[in-house]
Amino acid sequence: MAAERQWGVTPAFSSDPPSAGDLKLNDLLVGELKAQNNFAPASDTEKREAIITKLKGLLRQMVQTVGKKKGLPQDILDVAGGEVYTYGSYRLGVYGPASDVDTLMVAPKHVTRDDFFELMPDLLRQSTTPGEITNLVPVPGISTPIIKLTIRGVEIDLIFSSLQLSSLSEKVDLADDSILRGLDEVDRRCMNGTRVTNRILQLVPQTKTFRLALRAIKLWAQKRAIYGNIVGFPGGVAYAILVARVCQLYPKAVAPLLVQRFFFIIQRWNWPKPVFLQHKEESSLQLREWDPSTYRGDAAHLMPILTPAVPSMNTAHTVTRSTKTVMMREFKRAEQIVKEIYDTGKPWKTLFERHDFFTQKYKHYICVNTAAKDRDAHDAWAGLVQSKIKWLMGGIETSDANSVELVQPFTKGFDRVHLCNGEEQLEKTLDGSLEFQIKATETSATDDHADLKAQIAQSDTDGVEVVSMNGEAKAKKEEGPQRVYTMTYYLGIGLCDGARALDISTPVRNFQGECTAWPGYNPDMHSIRIKHIRNYDLPADVFVAGETRPTRPKRKPTAATNDVNAANNKRSFSNAGLDENTTFAKRRQSANTTNGTAG
């Protein structure tokens, strides 16, 4: 009898087939995921496939147009081709009704990235009927250049790479490392999304089971607010690799057992020992890969989760001491819930209960309020600030270690629009007041395109022009009442037992300096304010229907001495450096003024 295949770098922990109980729980899990609207209907899938086919036709049209413009002979153009690939959740097969489609266009060498950004936007507009495309934003000047568009209600993230090949008339084997030869860093980065996704699917024993388990883990992570690379948690690729590794260890298991084993294994993993799906591949390409023995930064990573394609990189490099602690607690909680699902028939919906970040978890919060007078300017500014919050977290963790146990960022910012008449209303809004929020607009808790916004802000360009549907730049108006766009990021502060003081003024000041040092920062346009608030002062719009808001504790009569200590304790927190402000230039004051405004 032939030996069973070994998946991954170690033998399986168990190759037992699923029990009748496992299969029953599998049906219940599928039912709960459907109840959570986790699956896209067949009509959505067909629409996405049709859009991808259209994109492939437009790519090949562009390849021909560029080739003729550059004088290539017809026999070369006849076989030039061009291919479209997908990656991310769509390629992994775990997308939902609102999921975007991450798409890669690959062209032969005569087509450049400049050609792509010059020609593709117009090709997209000309190939669709009025109203089919409701958003089209080319963003060329960032680390991963992209065209973002919404076509027939489907969001598409469109990136491009030009290979050192004269013909792409047939599907190129993207797993072949040699296709990376001669590519610049940007092209390699664009290629690797698809290469990694494809390789993950090749390295799991049962694709269908892997997908169901990954859907459950992603939904759980999103519900528990521990999902998102930019704020220090694993993102979609990292979670996919972790689930794939558990699949390798239990090659015949169904999704419920994989979910149970996921929480058991990842919680007890010997971090920072890396998680990887295959042994390191030798490559003749001289590319930088994750290597803690060579790179000091890699050695500092707390949860290395490595991609299975050259160049192998850590997908969880933003994890901090605090976010790792939060994750380990969530893994432990989830492990207990799944045990009860197995032992007592507890419903799966209990695993997917909403987080308690605002309702129970913390008494103290930091609010990072960003504001700008223009939507596009604010998108870039808010993205820049969010990308640097991990540095604020690290500074707080180390600046007052005796008081702070951890700092947890909420994974989404709260996007609000306000209409202010005069300086007084504007000042209140910049300080976090919702009094002048436009009633017709709702607060949006969003992480949409957070990585893109951060890339835009950190690019070397002087600013990114956002193109409207007619191809003209949006005009900026500043007449009458001032519309102000704000984004608020919340960080929960977990204090050590017995903490009586908190001084984090230095990391707050350093964080502000990092943000305002951004070349695109304009003190007449942008504002950042950092405030400390108690849980009972959180605004109503961070809660959802049915949640119980924290209330101010009633004061108990105490001895005079205790009253003095309490007052001193209160002053210790209010003077913690959390009231620092940086706002529009005409209201800037020196850092030593009584209201704590910093210029």
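Computed from a predicted model, the values in this text were never measured in an experiment.

Cut-offs applied
- Residues numbered from 1 in each chain as written.
- Predicted model: local features only at pLDDT ≥ 70, side-chain atom pairs only at ≥ 80, totals over all residues.
- Heavy atoms only, no water.
- Helix = DSSP H or I, 4+ residues; strand = E, 2+ residues; numbered from the N terminus.
- Buried < 20%, exposed > 50% of the residue type's maximum accessible area, 1.4 Å probe, protein only.
- Contact = heavy atoms within 4.5 Å.
- Areas by Shrake-Rupley, 256 points an atom, 1.4 Å probe, with all protein chains shown as cover.
- Pairing = 2+ DSSP bridges.
- Axes fitted to C-alpha atoms, helices over the stretch in contact; angles between N-to-C directions.
- Salt bridge = Lys/Arg side-chain N within 4 Å of Asp/Glu carboxyl O.
- Phe/Tyr/Trp six-rings, centres within 6.5 Å; stacked < 30°, edge-to-face > 60°.
- Lys NZ or Arg CZ within 6 Å of the ring centre and 35° of its normal.
- Core = buried A, V, L, I, M, F, W, Y, C linked by side-chain atoms within 4.5 Å.

*Asks:* Mind showing me how you'd approach the overall build of the protein here?
*Replies:* When helices and strands are counted, the protein shows 17 helices and 12 strands. The proportion of buried residues among the 599 residues of the protein is 53%. Nonlocal contacts in the protein, meaning residues at least 24 apart in sequence, comprise 75% of its contacts between residues at least 6 apart. Of the accessible surface of the protein, which amounts to about 27900 Å², a share of 50% is contributed by carbon and sulfur atoms.

*Asks:* Would you mind going over the sheet that holds strand β3 (residues 133-139) with me for this structure?
*Replies:* What links the strands of a sheet is backbone hydrogen bonding, and the strands pair in either a parallel or an antiparallel sense. The five strands are arranged β1-β2-β5-β4-β3 in an open sheet whose pairing can be described as mixed. Whereas interior strands pair on both sides, the edge strands pair on one side only; in this sheet they are β1 (83-87) and β3. Averaged over all adjacent pairs, the angle separating strand axes in this sheet is 25°, with direction ignored. As defined by bridge partners, strand β2 (residues 101-107) adjoins strand β5 (residues 154-162) across seven bridges and the pair is classed as parallel. Bridging from a neighbouring strand, Val 106 pairs with Ser 161 of β5. Its contacts with the sheet place helix α5 (residues 113-126) against β2, β3, β4 (146-151) and β5, and it is angled at close to 170° to β3.

*Asks:* How should I be thinking about the pattern of salt bridges in this particular structure?
*Replies:* Where side chains of opposite charge bring their charged atoms close, a pairing between them can arise. Counted according to the given criterion, the structure contains 29 salt bridges. Here Asp 44 makes a salt bridge to Arg 48, at a shortest N to O gap of 3.8 Å. In this pair, Asp 44 and Arg 48 both sit in helix α2 (residues 42-69), four residues apart, roughly one turn of the helix. Judged by relative accessible area, Asp 44 falls into the buried class, the value being 16%. Classification of Arg 48 as buried rests on a relative accessible area of 3%. For Glu 83, the salt bridge identified is with Lys 56, shortest N-O distance 3.4 Å. Here Lys 56 lies in helix α2 and Glu 83 lies in strand β1, a separation of 27 residues in the sequence. What makes Glu 83 buried here is its relative accessible area of 2%. According to the relative accessible area criterion, Lys 56 is partly exposed, its value standing at 30%. The network of salt bridges with common partners includes Glu 427, Asp 431, Arg 529 and Lys 531.

*Asks:* It is not clear to me how the packing of aromatic side chains should be interpreted in this structure. Could you clarify?
*Replies:* The way to describe two aromatic rings as a pair is by their centre distance and the angle between their planes. Scanning all chains against the criterion turns up 25 aromatic pairs. With a centroid separation of 5.5 Å and an interplanar angle of 80°, the aromatic rings of Phe 414 and Tyr 490 are classed as edge-to-face. One end of the pair, Phe 414, is in strand β8 (residues 413-420); the other, Tyr 490, is in strand β10 (residues 482-495), and 76 residues separate them in sequence. A single burial state applies to Phe 414 and to Tyr 490, both of which are buried. An aromatic cluster is defined as three or more aromatic residues linked by ring pairs; in this entry it consists of Phe 357, Phe 358, Tyr 362, Tyr 365, Phe 410, Phe 414, Tyr 490 and Phe 543. The ring of Trp 269 carries the charged tip of Lys 273 above its face, separated from the ring centre by 5.6 Å. One cation-aromatic arrangement involves Arg 288 over Tyr 295; the distance from NZ or CZ to the ring centre is 3.7 Å.

*Asks:* Sorry if this is basic, but what is going on with the nonpolar core here?
*Replies:* Ranked by internal contacts, the top residues of the largest apolar core, which has 77 residues, are Phe 210, Trp 220 and Tyr 239. Residue assignment for this core shows that the elements contributing at least two residues are α1 (20-35), α6 (185-202), α7 (207-223), α8 (236-249), α9 (255-268), α11 (321-344), α12 (357-361) and β6 (364-372). Broken down by element, this core gets its largest block of residues, 10 residues, from α8. Residue contacts for Tyr 239: discarding those within four places in its chain leaves Leu 214, Ile 217, Trp 220, Ala 221, Ile 226, Tyr 227, Pro 234, Phe 262 and Met 327.

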